[in-house]
Amino acid sequence: MAFVINVAAPEEAALFYSNAERDKELGCIGHLRGDFGHGGKEFWSTWWEHQGDLKTPAFKDEFDVLINSLRKQGLLKDRGSMAEFCHAHPEARIPGAWHPDVYGFRVDTGRHRYYIRCFPHGGDYNFYIYCYINEKERLREQAQSKPIHKKKHEPER
């Protein structure tokens, strides 16, 4: 399964970083941090849980498929492939990041949104993938758009 990798909008920059209060409000499940090792061709990663109750079996399955797909598509294949992908999308640079070569991409699925922060250089972590649940936002929108029905009183007898 191929996923569409979009360039994240500048106003989404904060979603590439942890913030305990905001993460809970926005439905952040957790994030994966990784690098390609000294030679640039390895794959090392660590999962950081934010809200374990949102980490469902369906999420785990989808996330595994996403990671494997991104490794095949090239973004997470190795450091060289990541650099090539990032340099082909200079508009993806994250404004205000600690280094000018920090890039931000987004992948949307029916139930989740993934924010992928890339740094295609050695000596630091090469990627962070923040995972959010889309459902929470949809539920919030539905609640705001529903009219409030007041009980009609029966006429007095």
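Note that the structure is a prediction, hence the values are computed from the model and not measured.

Trainee: An account of the overall build of the chain is needed here, citing residue identities and associated values.
Mentor: Across its full length, the chain holds four helices and six strands. Walking the chain from its N terminus toward its C terminus, one meets helices and strands in the order β-α-β-β-α-α-β-β-β-α. Taking all 157 residues of the chain together, 43% fall into the buried category. Within the chain, residue pairs in contact and separated by at least 24 positions form 57% of the contacts whose partners lie at least 6 positions apart. For the chain, the accessible surface area stands at approximately 9,700 Å², while carbon and sulfur atoms represent 53% of it.

Trainee: Tell me about the environment of P10, and name the residues and values.
Mentor: Among the structural elements, P10 can be located in the loop between strand 1 (6-7) and helix 1 (20-26). Exposure remark for P10: the relative accessible area of 57% places this residue in the exposed category. Here the alpha-carbon distance between P10 and P95, two residues 85 residues apart in the chain, equals 6.5 Å.

Trainee: Before we move on, can you summarise helix 3 (residues 79-87) with the specific residues and values?
Mentor: Because each turn of an α-helix spans 3.6 residues, side chains separated by three or four positions end up pointing in the same direction. What helix 3 keeps buried is the set R79, S81, M82, A83, F85 and C86. Buried residues along helix 3 sit in contact with strand 4 (103-108), strand 5 (112-118) and strand 6 (127-133). With a side-chain oxygen positioned 3.2 Å from the backbone nitrogen of G80, the residue opening helix 3 is D78.

Trainee: An account of the nonpolar core is requested, with residue identities and associated values reported.
Mentor: F63, F105 and I129 are the most contacted members of the largest nonpolar core, which totals 27 residues. At the level of secondary structure, the elements contributing two or more residues to this core comprise strand 2 (28-35), helix 2 (57-73), helix 3, strand 4, strand 5 and strand 6. The element contributing the most residues to this core is helix 2, with five residues. Residues within four places of I129 in sequence aside, it is in contact with G30, H31, L32, F63, I67, L76, Y114, Y115 and I116. Listed in part, the twelve residues of the second largest apolar core include A13, F16, Y115 and Y132.

The rules we used
Residues numbered from 1 in each chain as written. Predicted model: local features only at pLDDT ≥ 70, side-chain atom pairs only at ≥ 80, totals over all residues. Heavy atoms only, no water. Helix = DSSP H or I, 4+ residues; strand = E, 2+ residues; numbered from the N terminus. Buried < 20%, exposed > 50% of the residue type's maximum accessible area, 1.4 Å probe, protein only. Contact = heavy atoms within 4.5 Å. Areas by Shrake-Rupley, 256 points an atom, 1.4 Å probe, with all protein chains shown as cover. Polar contact = N/O pair within 3.5 Å; in protein donor to acceptor, adjacent residues only side chain to side chain. Core = buried A, V, L, I, M, F, W, Y, C linked by side-chain atoms within 4.5 Å.

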